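# A look at the structure
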Number of protein chains: 4
Amino acid sequence: MSARAAGGGQPAAARLTAERRAQITEAAGELFGRRGYHAATMRDIALRVGVSPGLIYNYVEDKEELLLLVLDSLLDAYASSIPAALAGLRDPLARFAAAVDTYCRIVAERPEATLLAYQESRSLRRSLREHIKRREVETNALIADCISDGIAQGLFRPVDAELTAYRVVMMAHGWALKTWRLAGRMTIDDYIADSLEMLLGALLTPLGAQRRAEAAR
Amino acid sequence: MSARAAGGGQPAAARLTAERRAQITEAAGELFGRRGYHAATMRDIALRVGVSPGLIYNYVEDKEELLLLVLDSLLDAYASSIPAALAGLRDPLARFAAAVDTYCRIVAERPEATLLAYQESRSLRRSLREHIKRREVETNALIADCISDGIAQGLFRPVDAELTAYRVVMMAHGWALKTWRLAGRMTIDDYIADSLEMLLGALLTPLGAQRRAEAAR
Amino acid sequence: MSARAAGGGQPAAARLTAERRAQITEAAGELFGRRGYHAATMRDIALRVGVSPGLIYNYVEDKEELLLLVLDSLLDAYASSIPAALAGLRDPLARFAAAVDTYCRIVAERPEATLLAYQESRSLRRSLREHIKRREVETNALIADCISDGIAQGLFRPVDAELTAYRVVMMAHGWALKTWRLAGRMTIDDYIADSLEMLLGALLTPLGAQRRAEAAR
Amino acid sequence: MSARAAGGGQPAAARLTAERRAQITEAAGELFGRRGYHAATMRDIALRVGVSPGLIYNYVEDKEELLLLVLDSLLDAYASSIPAALAGLRDPLARFAAAVDTYCRIVAERPEATLLAYQESRSLRRSLREHIKRREVETNALIADCISDGIAQGLFRPVDAELTAYRVVMMAHGWALKTWRLAGRMTIDDYIADSLEMLLGALLTPLGAQRRAEAAR
DNA sequence: TATGAATGAGTCTTCATTCAT
DNA sequence: GATGAATGAAGACTCATTCAT
């Protein structure tokens, strides 16, 4: 997770370093997504960044670490976008809906990255894999919290919040997995609406249902 | 898709050939599942079968074809088990439930194989990939048919049967994808029951719901 | 040069053995000629004979020996056809012409075999290579003798007969080497006539030339 | 026909690249010539250059391309040496003799390379093979032109120049093919003189013969 | 005699990674 | 920081050859 050239003394240099690393990560994400982790070569990635293969190793220890960076960048998206989407919202129903919506849209934006997580997590050494898992759990908690709130307010049935959050995640990932099959027949908006319908159908208490009906008016 | 030693003249020889191929496929499935397609070497597979590396190429043209065989064996399971499970059943509700149940259990039995399909389909040449896709669609149709029946009898709402079948498949695959996370907290039976609940909650007409309640008595 | 199954007790069996070996040699010649010694596999050869790969090893020790057999079969052709062509002829000029003609036609009949000799002699172990060389020299002698006769009778200039025989052989082989280039523009008959013209132009004494002119009448 | 490291940006780098490639080609030529294309391994070649096997693939795409490079280098020798030899000469007779002489000497310098062309052209993919053929034809034209000149000036009989050029080439190649047999008995000078004698004997018009006699004085 | 499944050494080739410049 | 030539370990695959049946 470290990098040789990482942040020396000057903040300017540190920023440049971060930029380079971001460039590399993006290129890697693109190529890993398109060709798969194994098929994408370091040389390809360097070429795409417009840099020599050797340089990548100034910013990354390993091809594995590059994979980590890519997966991390996806988790970053969740970690920043979901809280942002929830920011103004008080109502647990609205919060839950927003969380689901945001999660699904992030998946839909980079379906290959989501796939990559399933495909190649195994390729990571244990330590890196643990890191990813930890962050996934954190992301999950963002959703689980919305559910817990709903339960606390009597809008959701008293389900296992964490488990239900996994349900949400699975549904969202379902889009990535079957994108090639679904993309023609259904928009991501349809998919989200539909998924939410199912989830709420299973979750809402009568009170919750009533509240929802009012909100829809 | 053929191989040198494939089905000689005598049926006895053919059987032996089929057995060997099955052995190899199984070993490959195991190793691909455990280490990933790229990380598993032909040598490893041969070793596990207790055979020399060269021999594998008497039964398989390619490492790729071996992957195909593994993926195919999973699809075989669907193609044979689901119809078997539906065999005695008339009631669309029961049929649907049986299909979902069977599908999920097959996934749960070999979750790595399901993962493999997502992971490495890309590694297949187009022709083989098409083969897999075709068979996936066939499998899907088994479920879609149950749904269509239910719709025809007024038990299910008039949804797009095919799309809904994908929903089912995604849910089932969800178990495979998150096994490592769910397995401790939830049995596959719980998962199936829960999934069915959600699906039926979204699908059943009032008539269907009533019928279901009666059946549950 | 030996073979395991070679000539047991019964002459009938021996004949069958010889036939099999001839079949195998022919198939090998065909395939070596078409694809090259290395590219042609024992399996291919067996397939073409309609026999299992293992069987070949009852008649031949080695792939190398098979090559030897093929090369030998070409030398057999020279060894039997040239003497046959010379049989009735007394006149050294006619004998020389017949030898050249026959040699060239054998080359033209199986140009790939001639090429093979150049291509793959190197692949033979020393002992087998020596065998081939010895037989080549014998063949050469058939031509050299004609030349010596001509010299003895004052028809040819007193050249080095053996060396001149090589010249003849080279010219004949030239057809095999460049067959793909010449075949369209020139028949083998033209080639022979032309070659003979050159050779005789260089060889004939005035007496020889006169004798030739008379014979042409 | 390209290679990764081929001609970088700076001319200095380009020169180094060209040198490396030349080294590799030379080593390959040597080993292909000695052991044959198939028997010579990439590892052997690398070893001989004093380099790791992987490096070769920075300069060459394929073992096949390496063969092409070797064959090409022989054709380069013709393409540069023959015109150089003809440079100062006006007289068609002298030009023809010089062309034949040069061609033969190039063959004699690297007989294995000439053999290689016959042996392994087949191993080349069609596109590379075409390339070689094209260059062979060009080389041939160098000789054919001399012949045409001679005809135009009435020194040679009106033969088919191209065909006759093939004759010359065959004769020259004859030396390579039979080196092992002829080398002890005859020098290349003898061989050339002798060959020229035969060729001119067949080609010269009376005028040409007279001119030749004058020149010899 | 004949089979053909099985062997296993050996090949080409790829590619992450290093390091002198 | 940046380059890119060089490394070398490793993998898929082939095929002559063997041997139990």
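Residues numbered from 1 in each chain as written. Chains lettered and ligands numbered in written order. Predicted model: local features only at pLDDT ≥ 70, side-chain atom pairs only at ≥ 80, totals over all residues. Heavy atoms only, no water.

Residues and elements named next belong to chain A. It is at 4 Å that the axes of helix α5 (residues 92–109) and helix α6 (residues 111–120) come closest, and there the two elements cross at 90 degrees. Taken together, α5 and α6 sit at an angle that is classed as roughly perpendicular. Between α5 and α6, the residues in contact are V107, A108 and E109 and P111, E112 and T114, respectively. The class makeup of the residues in the contact of α5 with α6 is three nonpolar, one polar and two charged. (Axes fitted to C-alpha atoms, helices over the stretch in contact; angles between N-to-C directions. Helix = DSSP H or I, 4+ residues; strand = E, 2+ residues; numbered from the N terminus. Parallel < 35°, antiparallel > 145°, perpendicular 65-115°, else oblique. Contact = heavy atoms within 4.5 Å. Nonpolar A, V, L, I, M, F, W, Y, C, P; charged D, E, K, R; others polar.)

Listed per partner, the contact involves 36 residues of chain B and 36 residues of chain A. Approximately 3400 Å² of surface area, both sides summed, lies buried where chain B meets chain A, with 60% of it carried by carbon and sulfur atoms. Seen at the junction of chain B and chain A, the total is six salt bridges. A salt bridge links E136(B) to K178(A); the shortest N-O distance between them is 3.6 Å. Among the elements of the structure, α1 (11–35), α6 (111–120), α7 (126–152), α8 (161–182) and α9 (188–203) of chain B are those that each provide at least two residues to the side of chain B that touches chain A. If one sorts the elements of the side of chain B that touches chain A by residue count, α8(B) sits on top with 15 residues. Along the lines of polarity and charge, the residues of the side of chain B that touches chain A split into 18 nonpolar, seven polar and 11 charged. (Buried area = accessible area lost by both parts, 1.4 Å probe. Salt bridge = Lys/Arg side-chain N within 4 Å of Asp/Glu carboxyl O.)

If you rotate chain C by 179 degrees and push it 0.0 Å along the axis, it lands on chain D with an RMSD of 0.2 Å. What the rotation and shift describe, once combined, is the action of a two-fold rotation axis. Among all residues of chain C, the one whose C-alpha sits closest to the rotation axis is Q119(C), at a distance of 2.3 Å. Of all interface residues in chain C, 100% are interface residues in chain D too; the two copies therefore contact each other through one and the same surface. (Least-squares fit on C-alpha atoms with pLDDT ≥ 70 in both.)

What follows deals with the interface of chain C and chain D. In this assembly, 36 residues from chain C lie in contact with 36 residues from chain D. The largest contributions to the chain C side of the interface with chain D come from R122(C), R167(C) and M198(C), which together make up 21% of the buried area. Counting every contact that joins chain C to chain D gives six salt bridges. As a salt-bridge pair, E162(C) and R185(D) come within 2.9 Å of each other at their nearest N and O atoms. For the side of chain C that touches chain D, the secondary structure elements donating two or more residues are α1 (11–35), α6 (111–120), α7 (126–152), α8 (161–177), α9 (179–182) and α10 (188–203) of chain C. Here the side of chain C that touches chain D gets 11 residues from one element, more than from any other, and that element is α8(C).

Feature annotation in UniProt assigns "DNA-binding region" (unreviewed entry) to the following positions: residues 41–60 of chain A. Between the C-alpha atoms that bound residues 41–60 of chain A there is a distance of 14 Å. The span itself is 75% helix and 0% strand. (UniProt positions renumbered as here; feature names shortened; annotations may be inferred.)

A word on the packing of helix α5 (residues 92–109) of chain C against α10(C). Residue and element names in this part refer to chain C. Relative to each other, α5 and α10 sit at 140 degrees, their axes nearing to 10 Å. Comparing the axis directions of α5 and α10 gives the class oblique. Note that α5 runs across α10; the crossing there is right-handed. Side by side, α5 and α10 meet where F96, A97, V100, D101, C104, R105 and A108 of the first sit next to I188, D189, I192, L196, L199, L200 and L203 of the second. In the contact of α5 with α10, the residues fall into 11 nonpolar, no polar and three charged. (Left-handed = near helix turned anticlockwise from the far one by under 90°.)

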